[in-house]
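Here's the letter readout for the chains.
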Amino acid sequence: MSGSLQLAGLAKRFADVAAVDGVSLDLADGEHLALIGPSGCGKSTILLMVAGLLAPDGGEIHIGNRQVAGAGTWVEPDKRRVGMVFQDYALFPHLTVSGNIGFGLDRLTKLERAKRVQEVLALVGLEALSGRYPHELSSGQQQRVALARSLAPDPAVVLLDEPFSNLDRTLRESLRLETKAVLRRAGATAVLVTHDHSEALGFGDRIAVMRSGHILQIGSPEELFDFPEDEFVATFLGSADFLPARRVDGGKVASEVGTFGPLEIPAEGDLAVMVRPHEVTFDAQSSGPATIATREYQGSTVLYELTLDSGSRLSCRRAPSPRFEVGARVQVRLIEGYPPVLFSEGRRIWPVGGTAGQQESDVQRGGKNEWHACSGA
Ligand SMILES: Nc1ncnc2c1ncn2[C@@H]1O[C@H](COP(=O)(O)OP(=O)(O)OP(=O)(O)O)[C@@H](O)[C@H]1O
Ligand SMILES: [Mg+2]
């Protein structure tokens, strides 16, 4: 029951705002995409155009190899085989769970409809609640009914617009895992819109980061997190520091977290090394070049904020033991297995290549160390 989704040069303007400005993407059957970006960047507008609730100004949409919008083509929303799940569930209050799920199945006979409702109820584990009304359900249960309703007509594509954002953190996590599994069992191609980077990283087979109507980068969660193309993508997906670095003899690059190389990088332009908090560590050293500025205990880990003698700040996440106190002098270094990721003018220059680049897939961040000499700068 799956179908691929293709967007080609999709565009939508509202007065003087280019809400969606030339978005192209190609999802395989059964693939799950997470679409993430700041408020107002055009995420919901894309979903509304795919669902047929909004007409594009330019570009084309294909669902399951059938064109549904663009170049004079228009397929009505109810003929697109698209299911939608919204933040506010939007269940019909006067219908039971079964009534809600069966609502869009008017093309089926009564018997077929009852059978399909049972199947989808089983898929989301709500068989026991089929006769309840929405106000008799918890918010997590309501969201599962909304998911079941979207799946009932056997859609080619399911679109989820921030479906978990009304839920508390624990429920959000469990429902996300459950939703992913249900979509997988149903074989559905899915697009999830979210503001939350851990939700995007956890849900998507691929992630697309958007800004101002554009997709900045699309790729696997690992590609985007480890090898972001620019600083915006890097910081949108999680905390990252950018420490100044400089070219030194022998084609090497020196920074306060180590000296790397030789690396083939351009001879000109500023340099910065991206450091995520789990990629760096430190050792107590009274003559070290950094001071522990803050320490925050977070249960399974401790987040330290270091001040380097250059004035740069650096976050470091490590195990609670051994314990280091604020004010201690330390020596910092990248943990083995995290090769340097270098930026110049806000753009990644090392490792080189696009998101599907050979070099990147060869480099296993967090795996065995493949890169050369690292020593205190
Ligand atoms: N019906 C509309 N009329 C006018 N402007 C609109 C309309 N819908 C969206 N916009 C504008 O288009 C841009 C993109 O909006 P959209 O709702 O797609 O953003 P979003 O990425 O979903 O944001 P959020 O994360 O806050 O939901 C915004 O500048 C928004 O103000
Ligand atoms: Mg939105």
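Calculation rules
- Residues numbered from 1 in each chain as written.
- Chains lettered and ligands numbered in written order.
- Predicted model: local features only at pLDDT ≥ 70, side-chain atom pairs only at ≥ 80, totals over all residues.
- Near = placed C-beta within 6 Å.
- Helix = DSSP H or I, 4+ residues; strand = E, 2+ residues; numbered from the N terminus.
- Pairing = 2+ DSSP bridges.
- Axes fitted to C-alpha atoms, helices over the stretch in contact; angles between N-to-C directions.
- Parallel < 35°, antiparallel > 145°, perpendicular 65-115°, else oblique.
- Left-handed = near helix turned anticlockwise from the far one by under 90°.
- Contact = placed C-beta atoms within 7 Å.
- Nonpolar A, V, L, I, M, F, W, Y, C, P; charged D, E, K, R; others polar.
- Domains from an automatic or database assignment.
- Expected span 1.5 Å × (residues − 1).
- Buried ≥ 20, exposed ≤ 12 C-beta atoms within 10 Å, placed from the backbone.

1. Looking at the site of ligand 1
Part 1 of the reasoning: Around ligand 1, the neighbouring residues are Phe14, Val17, Ala19, Gly37, Ser39, Gly40, Cys41, Gly42, Lys43, Ser44, Thr45 and His195.
Part 2 of the reasoning: Of all the secondary structure elements, the ones that give two or more residues to the shell around ligand 1 are β2 (17-27) and α1 (43-51).
Part 3 of the reasoning: Broken down by element, the residue count for the shell around ligand 1 peaks at three residues, all from α1.

2. Points about the pairing of strand β17 (residues 290-297)
Part 1 of the reasoning: Examined bridge by bridge, β17 and strand β18 (residues 302-308) share seven bridges and lie antiparallel to one another. Note that in β18 the partner of threonine 291 across the bridge is threonine 307.
Part 2 of the reasoning: With two bridges joining them, β17 and strand β20 (residues 329-334) adopt antiparallel strand pairing. Residue threonine 291 lies in a different strand from β20, and its bridge partner there is arginine 329.

3. A closer look at the pairing of strand β10 (residues 206-211)
Part 1 of the reasoning: As paired strands, strand β3 (residues 32-36) and β10 are joined by four bridges and run parallel to one another. Of the residues in β10, the one forming a bridge with isoleucine 36 is valine 209.
Part 2 of the reasoning: Hairpin remark: β10 followed by strand β11 (residues 214-219), antiparallel, with two residues in the connecting loop; positive phi at serine 212, about 45°.

4. Points about the sheet that holds strand β15 (residues 271-275)
Sheet strands line up and pair through hydrogen bonds in the backbone, either parallel or antiparallel.
Part 1 of the reasoning: Spatial strand order, β14-β13-β12-β15-β21-β22: six strands in an open sheet with antiparallel pairing. Each of the sheet's edge strands pairs with one partner strand only, and the pair in question is β14 (258-260) and β22 (347-350). Strand-to-strand, the axes of this sheet are offset by a mean angle of 40°, without reference to chain direction.
Part 2 of the reasoning: Across three bridges, the pairing between strand β21 (residues 342-344) and β22 is antiparallel. If you follow phenylalanine 343 over to β22, its bridge partner there is arginine 348.

5. A look at the sheet that holds strand β19 (residues 313-318)
Part 1 of the reasoning: One open sheet holds the five strands; their spatial order is β16-β20-β17-β18-β19, and the pairing between them is antiparallel. Two strands in the sheet have a free side with no partner beyond their single neighbour: β16 (280-284) and β19. Ignoring which end each strand starts from, the neighbouring axes of this sheet average 40° apart.

6. Some remarks on the packing of helix α4 (residues 139-151) against helix α5 (residues 169-186)
Part 1 of the reasoning: At their nearest, the axes of α4 and α5 sit 11 Å apart, and the two run at 20° to each other. With respect to their mutual orientation, α4 and α5 come out roughly parallel. In the packing of α4 onto α5, the handedness of the crossing is right-handed. Residues Gly140, Gln143, Leu147 and Leu151 of α4 touch α5, and the partners they reach there are Leu171, Leu175, Thr179, Val182 and Ala186.
Part 2 of the reasoning: In terms of residue class, the contact of α4 with α5 is made up of six nonpolar, three polar and no charged.

7. Notes on the domain arrangement of the chain
Part 1 of the reasoning: Domain boundaries assigned for the chain yield domain 1 (5-226) and domain 2 (240-362).
Part 2 of the reasoning: Put simply, the middle of domain 1 and the middle of domain 2, counted by C-alpha atoms, are 38 Å apart.

8. Comments concerning α4
Part 1 of the reasoning: When the terminal C-alpha atoms of α4 are compared, their 19 Å separation across 13 residues agrees well with the 18 Å that a helix rising 1.5 Å per residue should span.
Part 2 of the reasoning: Counting buried positions over the 13 residues of α4 gives 10, a clear majority of the element.
Part 3 of the reasoning: Those residues of α4 that fall on the buried side of the exposure criterion are Gln142, Gln143, Arg144, Val145, Ala146, Leu147, Ala148, Arg149, Ser150 and Leu151.
Part 4 of the reasoning: Of the surrounding elements, those touching the buried residues of α4 are β7 (82-86), α2 (97-102), α3 (110-124), β8 (157-161) and α5.

9. With respect to the environment of leucine 171
Part 1 of the reasoning: Its place among the elements puts leucine 171 in helix α5.
Part 2 of the reasoning: On the basis of neighbour counts, which here come to 15 C-beta atoms within 10 Å, the residue leucine 171 falls in the partly exposed class.
Part 3 of the reasoning: It is 22 Å that separates the C-alpha atoms of leucine 171 and proline 93, two residues lying 78 residues apart in sequence.

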